[in-house]
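Coordinate analysis (summary)
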Amino acid sequence: PSGAPGSEYWQQKVDYVIKAEVDDQRQLLTGKEKITYLNNSPDTLEYLWLQLDQNRYERQSDEWLTKPAPNLDELSYKGLRSLLYREQFDGGHKITAVKDADGANLKYSIIRTMMRVELPKPIARGESTSLQVEWNFRIADAGSTKVRGGYEKFPEDGNYIYTIAPVSYTHLTLPT
């Protein structure tokens, strides 16, 4: 009742080394990361889940497919622009490699905004593993999509400002 962790409390430890590059011409973020995961849980883990938040911008995402149709009698020019932009925008993570510490390919599957990575050997309590993930995704035009993150262009000087939230788009979570 105090809100303090109990005697059986544990928390996973994950370290990231991320190298990323933004292509201003194509509005593309490309990255390569090394993830080191220390299992502090009492369970042996056979796979890990990675969060792929940018997949909410895929054309077949639940967010896009379940969005209610607009009221065409009240659709503004900005609303129409947003609809047309989302229709053609090819968003979402493009995973180009998932490898273990030795560079061997790992099996993985993507289910909406989650990626399950099969580990080459289970991780017992107190053990760690490392993996490498390479990816890219197109950055959304924040003005056209009415989203929290994306890019905004300043035409008077040709510069862009990028807000990609959350930056930690590859949170690791325990299987339940």
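Relevant structure appears above.
Residues numbered from 1 in each chain as written. Predicted model: local features only at pLDDT ≥ 70, side-chain atom pairs only at ≥ 80, totals over all residues. Heavy atoms only, no water.

1. What to know about the pattern of salt bridges
So the rule is basically this: Whenever a carboxyl oxygen of Asp or Glu lies within 4 Å of a side-chain nitrogen of Lys or Arg, that contact is scored as a salt bridge.
This structure, assessed with the given rule, holds five salt bridges. A salt bridge links Asp23 to Arg26; the nearest nitrogen and oxygen atoms lie 2.9 Å apart. The partner of Arg116 in a salt bridge is Glu118, and the shortest N-O contact between them spans 2.6 Å.

2. Digging into the sheet that holds strand 2 (residues 28–38)
The test is simple: Should DSSP find at least two bridges between two strands, the strands are taken to pair. Think of it this way: any DSSP run of H or I at least four residues long counts as a helix, any run of E at least two long counts as a strand, and we number them from the N terminus. Helix axes are fitted to C-alpha atoms over the stretch in contact, other axes to C-alpha atoms as well, and angles between N-to-C directions run from 0 to 180 degrees.
Spatially, the four strands line up as an open sheet ordered 1-2-7-4, and their pairing is antiparallel. Only two strands of the sheet have a single partner each, and these edge strands are strand 1 (13–23) and strand 4 (94–100). Taken over all neighbouring pairs, the strand axes of this sheet differ in orientation by 15° on average, direction set aside. One ladder, built from eleven bridges, connects strand 1 with strand 2; its direction is antiparallel.

3. A word on the packing of aromatic side chains
Here is the rule we go by: Ring pairs are drawn from Phe, Tyr and Trp, using the six-membered ring of Trp, whenever the two centres fall within 6.5 Å, and their geometry is named by plane angle: stacked under 30 degrees, edge-to-face over 60, tilted for the rest. Charge-over-ring placement is defined geometrically: NZ (Lys) or CZ (Arg) within 6 Å of the ring centre, and within 35 degrees of the ring normal.
Following the criterion strictly, the structure yields five aromatic pairs and no others. On the basis of an interplanar angle of 90° and a centroid distance of 6.3 Å, the ring pair of Tyr47 and Trp49 is categorised as edge-to-face. With 5.7 Å between their ring centres and 70° between their planes, Tyr151 and Tyr160 make a pair best called edge-to-face. Taking the ring centre of Tyr47 as reference, the NZ or CZ of Arg116 above it sits at 3.5 Å.

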